[in-house]
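Residue-level listing of the chains:
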Amino acid sequence: MRFRAKIFLAILLPATLLVGAAVGAALTRIRSRLETTAMEGLARTRAEMEAVLSEQFKQLEAWRKPFATPRFEAAITEAAESGATTALKEQIRDELLVLTEPDFYEARGKKDEVLLRHLGDHVCKPGCSHPIQPWMKDEKKREVLTEFDGQPFLATKVEPDKGLFILGRRLTPFLDRIHKNLGIEIALLNGEAIVYSSIPGWNRTLGTSGAVHVGGNRYLADAWTSMKSELQMVLFLYDVSEFDTERSRALGFGAAGIAVAVLIAALVSSFISRGVSHPVERLVDATHKIASGDYAVKVEVAGRDEIGRLAEAFNEMTIGLRKRQEIMEKTLSRDVAEEFLKGGTERGGERRVITIVFMDIRGYTSGTEGMDPADVVVMLNELMDLLASAIERHGGLVNKFLGDGLMAMFGAPKPLENHALHAVQAGIEMQKQMERWNHRRTARGLASFYSGIGINTGEVVCGKVGGRSRLEYTLIGEEVNLASRICGKAAPRQVLITKQTREKLGDRIQVKELEPVVVKGLSYPIKIFEAIS
Amino acid sequence: MLRFFLALALVCARPPAQEGASVSGKVTATEGAAQKKLREKIKYGPNLVGRRDPDPSPVVVWLEGAPASKAAEAKVEMRQEGLEFRPRILAIQVGTTVRFPNGDDLYHNVFSYSKIKRIELGRYPKGDSKEEKFEAKGRWDLRCEIHEHMRGYIHVFDHPYFAIAKEDGAYVVPRVPPGKYTLVAWKEFFDPVRQEIEVRAEGAKIDLTLVRIDGSPAERAAGAQGAACCSAR
């Protein structure tokens, strides 16, 4: 995982946990407050409902009393027995002279038939049918919560010797009042029928317990049944949408908090990674460059922190490497060094046709006699520098400095096209450079030195040769020795070349054939040429 | 053999019949929930523990379809005493006057909402008495508006073929001319039961069972079946 991603997560995860914990705590608080408030509200409604029922049952009993008299009972019994309701009607009329008219009353005969009925403005017409309710026949029940014609009623009964008289008090106004005063929705159910409901749109299928959703609002439902209820249930519904709003607000805050945390984490991680990742990446790039041999690289990193110190150390390391490379280049030459880098330090060689150039200063011993050795070194360095530059300009490489001479190779370790031509051109230039150098020395009143150059082309073994602890790139073979011998035959300022070299020159160089010479190690004379220009 | 003894017993118990034969038998009435509930209602006493049972209300048996006959004017009493109508049941012939003397130390009242004729005797104290002449046949259920448990019943017939059964339900309707009648048995809080009978010279012996009126429709249906099992011997 990238450094930046790690920092991002390191900030985001704790922040998210923190926001999550805060939101969780808020939700818990809202839920517990909801539970408390809703439970209290529902309990208050229950208590109020019970109080209202108890009060209205009392009122109902006060209504019942005047109807539970011997005269009234006798009138009902007579009506039940003979069907004659005259006396009953008279009795009711007499009672209603002093009583408020009950919301509902009905008299029933021996076979439970309705003898007369009153429900508000509606009086049961002859032949109307209203089902008898179980409690009317149950001697253990006198007053109940029930329904007449689909409306909620508290009802009580008078039981004469024959027949039945029912009195009812309409509950709707009281339910309306409880609903209005306590702000809690109420529904009364009788089987599938809704006898009363303060919530438009509610029906049984929406649920009667737990959370109930009506018209986009959530309610907490509490089913309640009274001992005296003939109805299936009274349902109280507490509107909890206010808490839902609070909850969604808390969740919104949580989401916003996490979004802010993400933003902050992104910004901070990007800021920190700019201070860490980018320098590290620059260091990585620089390391790659060094690996590919570019020691000139320098990492620019500001700051005194760990990364800054690492960069500084890196730069120091680069400087150290660069010094070593310089030394190596000077002592080994770049091409040879590259050869070593490419091939490693495994010893071994290969056969190759190359051109070998030997140079030797004539009259060196006598010329330097009486000179300060330090001046000799300075002089040699100056001269060798000039000659090596000339060789390198023509694509050759000084393989060895041999005191007052040198050996150079063209075509090794890197292959070179027309190595013989380049070598001869280099030899001619070397003589020219020495001429100019001598002019400058003569002008300063110093002694002149001249050199002879021998060039040969042929197959040699070239490769890494040496002990385990030290290696050298060396040329071995007869052709090397021949080049050296030819050099020995060259007069000062002369460039001698062998027949093999001459054959590879073509017409680019003007040559003059000299007398064949006998060289050491060969039993026959060989053809030699002088390269002129 | 049994018949012989029964006939002998009847002959010994009553003066010999002038004409016709007697219709006799036994009426069984088993109380159901409805009757028990109502009987509970007419118990009276200072508290629940001290409440006492009302006076018995025996079964009344009569024949329907008998020729009307006028009886001599008579006077009978139904006292109001011990917070009861005493006796609680009267069976009389049309034209009879019933006196209602108050024998208690408190006011009583007598009223009936009978469809045939209302009775309204008002409230009156101990020692006072009101009376009512019954000039139509039918039944009057009497109550006292002051004491709600009090129940009295007066059955008025336009013929003499009726009887009040003994406590065990045994009844005898004497001197019934042979013919076809409907025998009716009535008891407080029960639905009356009727049966077609034919009275021959030697009389008839008929047992009846009164229908229980219970709360549940199932019990009522059972009661109705019970009524059908009445047997004639």
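**Considering the overall build of chain A**
Right, so step 1: For chain A, the helix and strand inventory stands at 13 helices and 21 strands.
Right, so step 2: Excluding contacts between residues fewer than 6 apart, the proportion of contacts in chain A whose partners are at least 24 apart in sequence is 63%.

**Side note on helix H11 (residues 419–443) of chain A**
All names here are of chain A.
Right, so step 1: Taking 1.5 Å of rise per residue, the 25 residues of H11 would be expected to cover 36 Å, and the 36 Å separating its terminal C-alpha atoms lies within 8% of that figure.
Right, so step 2: Residues of H11 that are buried: His 419, Ala 420, Leu 421, His 422, Ala 423, Val 424, Gln 425, Ala 426, Gly 427, Met 430, Gln 431 and Met 434.
Right, so step 3: Just downstream of H11 lies Gly 445, where phi reads positive at about 80°.

**Re the sheet that holds strand S7 (residues 185–190) of chain A**
Residues and elements named next belong to chain A.
Right, so step 1: A sheet is described by the order of its strands in space; here five strands give the open sequence S8-S7-S11-S10-S9, paired in antiparallel fashion. Whereas interior strands pair on both sides, the edge strands pair on one side only; in this sheet they are strand S8 (193–197) and strand S9 (210–214). When strand polarity is set aside, the average angle formed by the axes of neighbouring strands in this sheet is 35°.
Right, so step 2: As paired elements, strand S10 (residues 217–224) and strand S11 (residues 233–239) share six bridges and run antiparallel to each other. Paired with Trp 224 across the strands is Val 234, a residue of S11.
Right, so step 3: Where helix H1 (residues 3–64) meets the sheet, its contacts fall on S10 and S11, and the angle it forms with S11 comes to roughly 145°.

**Here we look at the interface of chain A and chain B**
It is common to give the size of an interface as the accessible area that goes away when the parts come together.
Right, so step 1: Taken together, the contact between chain A and chain B spans 12 residues of the former and 12 residues of the latter.
Right, so step 2: Broken down by class, the residue content of the side of chain A that touches chain B amounts to five nonpolar, two polar and five charged.

**Section: the nonpolar core**
Right, so step 1: By size, the foremost hydrophobic cluster in this structure holds 56 residues, and its most contacted members are A:Ala187 and A:Leu237.
Right, so step 2: Considering every element that reaches this core, the biggest residue donor is helix H2 (residues 70–82) of chain A, with six residues.
Right, so step 3: Setting aside chain neighbours within four positions, we find A:Leu237 in contact with A:Ile184, A:Glu185, A:Ala187, A:Ile199, A:Val212, A:Tyr219 and A:Ala221.
Right, so step 4: The next biggest cluster of nonpolar side chains, apart from the first, holds 50 residues, and it includes B:Phe134, B:Tyr161, B:Ala163 and B:Val211.

**Thoughts on the packing of H2(A) against helix H3 (residues 86–98) of chain A**
Residue and element names in this part refer to chain A.
Right, so step 1: Relative to each other, H2 and H3 sit at 150°, their axes nearing to 8 Å. Regarding the angle of H2 to H3, the classification is roughly antiparallel. Crossing angle aside, the handedness with which H2 passes H3 is left-handed. Counted together, Arg 71, Phe 72, Ala 75, Ile 76, Glu 78 and Ala 79 of H2 and Ala 87, Leu 88 and Gln 91 of H3 form the full contact between these two elements.
Right, so step 2: By residue class, the composition of the contact of H2 with H3 is six nonpolar, one polar and two charged.

**Focus: unusual backbone geometry**
Right, so step 1: For the bond from A:Ala412 to A:Pro413, the omega torsion is -10°, close enough to zero to count as cis.
Right, so step 2: Mapped onto the fold, A:Pro413 is located in the loop between strand S14 (405–410) and H11.
Right, so step 3: The step from B:Arg86 to B:Pro87 runs through a cis peptide bond, and the omega angle for that step is -5°.
Right, so step 4: Along the polypeptide, B:Pro87 turns up in the loop between strand S5 (84–86) and strand S6 (89–93).
Right, so step 5: Positive phi is not limited to glycine here, since B:Leu83 has a value of about 55°.
Right, so step 6: A tally of 18 C-beta atoms within 10 Å means that B:Leu83 is categorised as partly exposed.

**Regarding H3(A)**
All names here are of chain A.
Right, so step 1: Within the span of H3, buried status applies to Ala 87, Leu 88, Gln 91 and Ile 92. Burial along H3 is one-sided: seen end-on, the buried residues are contained in an arc of 135°. For H3, the exposed residues lying more than 90 degrees away from the buried face are Arg 93 and Leu 97.
Right, so step 2: For H3, the secondary structure elements touched by its buried residues are H2 and strand S1 (104–108).

**Looking at the sheet that holds strand S7 (residues 97–101) of chain B**
Across a sheet, paired strands are connected by hydrogen bonds in the backbone, their directions being either parallel or antiparallel.
All names here are of chain B.
Right, so step 1: The strand order across the open sheet built from three strands is S3-S7-S10, with neighbouring strands paired in mixed fashion. With partners counted over all chains shown, the strands left at the sheet margins are strand S3 (75–77) and strand S10 (129–133), one partner each. On average, each strand axis in the sheet is tilted by 25° relative to the strand beside it, whichever way the strands run.
Right, so step 2: Bridge count for S3 against S7 is three bridges, and the pairing is parallel. In the strand pairing of S7, Glu 77 is matched with Arg 99.

**As for the packing of helix H10 (residues 373–393) of chain A against H11(A)**
Residue and element names in this part refer to chain A.
Right, so step 1: For the pair H10 and H11, interaxial distance at closest approach is 9 Å and the crossing angle is 150°. Viewed along their axes, H10 and H11 adopt a mutual orientation that is roughly antiparallel. When the axes of H10 and H11 are compared, the crossing they make is right-handed. The residues of H11 that touch H10, namely those facing Leu 383, Leu 386, Leu 387, Ala 390 and Ile 391, are Ala 426, Glu 429, Met 430, Gln 433 and Trp 437.

What counts and what doesn't
Residues numbered from 1 in each chain as written. Chains lettered and ligands numbered in written order. Predicted model: local features only at pLDDT ≥ 70, side-chain atom pairs only at ≥ 80, totals over all residues. Helix = DSSP H or I, 4+ residues; strand = E, 2+ residues; numbered from the N terminus. Contact = placed C-beta atoms within 7 Å. Expected span 1.5 Å × (residues − 1). Buried ≥ 20, exposed ≤ 12 C-beta atoms within 10 Å, placed from the backbone. Pairing = 2+ DSSP bridges. Axes fitted to C-alpha atoms, helices over the stretch in contact; angles between N-to-C directions. Nonpolar A, V, L, I, M, F, W, Y, C, P; charged D, E, K, R; others polar. Core = buried A, V, L, I, M, F, W, Y, C linked by C-beta atoms within 7 Å. Parallel < 35°, antiparallel > 145°, perpendicular 65-115°, else oblique. Left-handed = near helix turned anticlockwise from the far one by under 90°. Arc of directions from axis to C-beta.

Remember, this is a structural readout, not a statement about activity or role.
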